[in-house]
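Chain by chain, the residues run as shown.
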Amino acid sequence: MISAKTMGKRALAGALVGAMALSVWGCDKKQPAAGGQGEARGGQAEFVAGSEADMFTFAVAADPQTLDPGRMSGAPEGRIAFNLFEGLMMPGPTTEDLDDASELVVPGVAESFELSEDGRTYTFKLRDDAKWSNGKAVTASDFERSWRRVLTPDFPSDYQSFMWVIQNAEAFSKGEVTEWSEVGVKVIDDRTLEVTLTQPTPYFPELVAFYTFFPVPMDLVEEKGNDWTRPENIITNGPYELESYREQQDLLLKKSENYWDKANVALDQARIRIIQDTNAAVNAYRTGELHWSGTSLPVAQITGLLTHPDYMQEPMLGTYYYRINVTDEESPLTDNRVRQALAMSVDSRSLVEDTMNNLFTVANHFVPQGLPGYESPGEGITYDVARAKELLAEAGYPDGEGFPRIQLLYNVDENHKLIAEAVQSMWKRNLGIDIQLVNKEWRTYLQDVSSMNYEIARAGWIGDYNDPMTFLDMWETGNGNNNTGWSDEEYDALLNQARAERDPAQRMKLLAQAEAIVLERGPVIPVYYYTNNVLVSRFLEGFEPHNRDIHLLKYMSLPEAPAAEGTEASE
């Protein structure tokens, strides 16, 4: 079953709505108990998740752009990669109520590691029984070759910079160091990998639990090129193998018989449905096609779902924001006064309370609250229409006069649409400027953002590890996730100082100074901090809150659902 602490969150969600609670399931007729349905109070039948599914099933919001861990960067891709592949370390089942950051990760291919006294050298010991899905052993060389591939100059990886904490990795990726032997990745033997960092990096164990650091079967990659990830070719080393993939329909995973921990993998198969429309995902859940909605619920439906026992809200280490392209010298967006005016005229509190029904938390900063040891700088960006008008006038556009019509890009999603329309209205009302809304499907949206073929774009960032650096290094000059053209020497210098700082408190102060710069003159407009609002079968075991929305199937099991107690139906 869902754990006691998870159930507590579900009970709290129910308490939030009190007397306004309504059953959202309507008047389903009584069905046989097979598949997990049972008789509800008052003679009505209550729906049980997954009753029409032939295996454990959940949804992702888009086709994966790639199944190559070294190339991927999106949430749908990551959800799949964490189940097909395994790194030296892996994310643990939950981030809740942990006393020590070391508990965030658990052993993966590496059964243990040792850290040198200076905090710079990690020696990973790989387990003897780690195997690829074809039965071959996973070795230290597999990691070394895979990491070298990602660090190859011009390799298309948005997360290449994550590896730059390794000695000479950045210089190698930029062609400044040409000998791989000078990079701090050494194979001692088949079961021992030594990694030397440029300076101590307290979150490095979390980094190696991220998919960019996962091994790939390099012999296959070199033989097949980009086709190595096709279902008929792909070889993986995680708890699951890819059995099939039908674009815009689904992926089918099956338990790997060669996985070292297969005895503790309870789900033999899993189907990943591709459902772009979040309303359609809710409907699929309600009609018994899903055990887990997989993606966050549309705001319009959440209020009616708050009291259902399958509703779950988990805090997220993430920020919803708008990014601004500053590469066009003819655009007013290159003027920081314009960017600040836009930011100050967005009423984030109204967006959260009115548009998003209080389901998220107002964001005045880019780094979410609650990271251990980190204190956000000042008040951040506050709603101040008078000051916004002044700044826009100073930039030469009093009351929006002469301001060109610019576009705001977002990917297809009902929640993104609601936010974009509200922001469009605020900018018109507060500044007198017109914004054209443009929505595109996920892959095209990603391509436009990556190629900087946009003016303003909606964005969301879920931290890749529990440290402010995961939110701040993306705005560094040349970072693969910057995608705005913004660059600031002082900002870059502060991040480098923080990387070299051994004192934890001083390191956090340097990071706070950097965040102040990106808020004062950067390309971002924070809107809210994420929570994850999902539907999860209350009979699913092993599904725990995780602030990065990482839920590995290997931790889950699905006993046969008992007869449902039911909820009273309402019209």
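Let me sum up the structure you'll find in this document. (Residues numbered from 1 in each chain as written. Predicted model: local features only at pLDDT ≥ 70, side-chain atom pairs only at ≥ 80, totals over all residues. Heavy atoms only, no water.)

1. A look at the nonpolar core
Okay, so step 1: Among the nonpolar cores identified, the biggest contains 172 residues, and F124, W147, I166, F204 and W427 are the most heavily contacted of them.
Okay, so step 2: Setting aside anything within four residues of it in sequence, one finds I166 in contact with W147, V183, G184, V185, V195, T196, L197, T198, F204 and F213. (Core = buried A, V, L, I, M, F, W, Y, C linked by side-chain atoms within 4.5 Å. Buried < 20%, exposed > 50% of the residue type's maximum accessible area, 1.4 Å probe, protein only. Contact = heavy atoms within 4.5 Å.)

2. Focus: the sheet that holds strand β16 (residues 435–440)
Okay, so step 1: Spatial ordering of the open sheet is given by β14-β18-β13-β17-β15-β16, a layout of 6 strands whose pairing is mixed. Only two strands of the sheet have a single neighbouring strand rather than two, namely β14 (361–362) and β16.
Okay, so step 2: Where strand β15 (residues 406–411) meets β16, 6 bridges bridge the pair, whose relative direction is parallel. From the neighbouring strand, N411 faces β16, where its bridge partner is K440.
Okay, so step 3: Running at roughly 160° to β15, helix α12 (residues 414–431) makes contact with β13 (311–324), β15, β16, β17 (456–462) and β18 (524–535) of the sheet. (Pairing = 2+ DSSP bridges. Helix = DSSP H or I, 4+ residues; strand = E, 2+ residues; numbered from the N terminus. Axes fitted to C-alpha atoms, helices over the stretch in contact; angles between N-to-C directions.)

3. Considering the packing of aromatic side chains
Okay, so step 1: Scanning the entire structure with this criterion turns up 35 aromatic pairs.
Okay, so step 2: Each ring, one from F204 and one from F213, has its centre 6.2 Å from the other, and the planes form 85°; the classification is edge-to-face. For the pair F204 and F213, a shared accessibility class is recorded, and that class is buried.
Okay, so step 3: Here the aromatic cluster, defined as three or more aromatic residues joined through ring pairs, consists of F82, Y159, F162, Y203, F210, Y211, F214, W461 and Y465.
Okay, so step 4: In this structure, R127 is placed above the aromatic ring of W260, and the distance from its NZ or CZ to the ring centre is 3.6 Å. (Phe/Tyr/Trp six-rings, centres within 6.5 Å; stacked < 30°, edge-to-face > 60°. Lys NZ or Arg CZ within 6 Å of the ring centre and 35° of its normal.)

4. Overview of the pairing of strand β9 (residues 192–196)
Okay, so step 1: Of all the 5 residues making up β9, 4 are buried; the element is thus mostly covered by neighbouring parts of the structure.
Okay, so step 2: Both strand β8 (residues 185–189) and β9 contribute to a ladder of 4 bridges, which runs antiparallel. Bridge pairing in β9 places V187 opposite L193.
Okay, so step 3: Where β8 folds back onto β9 in an antiparallel hairpin, the turn is made up of 2 residues.

5. Some words on the pairing of strand β7 (residues 121–126)
Okay, so step 1: Of all 6 residues that make up β7, 5 are buried, and the element is covered over most of its length.
Okay, so step 2: As defined by bridge partners, strand β6 (residues 110–115) adjoins β7 across 5 bridges and the pair is classed as antiparallel. Each residue of the ladder has a partner; that of A110, found in β7, is L126.
Okay, so step 3: Of the strand pairs in this sheet, β7 and β9 are connected by 5 bridges, and their pairing is antiparallel. Opposite F124, over in β9, you have L193 as the bridge partner.

6. With respect to the side chain of D448
Okay, so step 1: As for its placement among the helices and strands, D448 is situated in helix α13 (residues 442–450).
Okay, so step 2: Within the local environment of D448, its side chain forms a polar contact with the side chain of K440, the two groups lying 2.6 Å apart.
Okay, so step 3: Residues contacting D448, with those up to four places away along its chain left out, are L409, K440, N453 and Y454. (Polar contact = N/O pair within 3.5 Å; in protein donor to acceptor, adjacent residues only side chain to side chain.)

7. Quick word on the sheet that holds β8
Okay, so step 1: Across the sheet, which stays open at both edges, the 4 strands sit in the order β6-β7-β9-β8 with antiparallel pairing between neighbours. A single partner strand is all that each edge strand has here, and the edge strands are β6 and β8. Strand-to-strand twist of the sheet, defined as the mean angle between neighbouring strand axes without regard to direction, takes the value 20°.

8. Some remarks on the pattern of salt bridges
Okay, so step 1: The final tally for this structure, using the stated rule, is 31 salt bridges.
Okay, so step 2: Here D219 ties to R145 by a salt bridge, and the two come within 3.1 Å at their closest N and O atoms. Placement of the pair is D219 in helix α6 (residues 218–224) and R145 in helix α3 (residues 140–151), with a sequence separation of 74 residues.
Okay, so step 3: Given a relative accessible area of 53%, D219 falls into the exposed group.
Okay, so step 4: Linking D250 and R271 is a salt bridge whose minimum nitrogen-to-oxygen distance equals 3.2 Å. One end of the pair, D250, is in strand β11 (residues 250–255); the other, R271, is in strand β12 (residues 269–274), with 21 residues separating them in the sequence.
Okay, so step 5: Here D250 falls in the buried class, since its relative accessible area comes to 3%.
Okay, so step 6: Residue classification places R271 among the buried residues on the basis of a relative accessible area of 18%.
Okay, so step 7: The network of salt bridges with shared partners includes D54, R246, D250 and R271. (Salt bridge = Lys/Arg side-chain N within 4 Å of Asp/Glu carboxyl O.)

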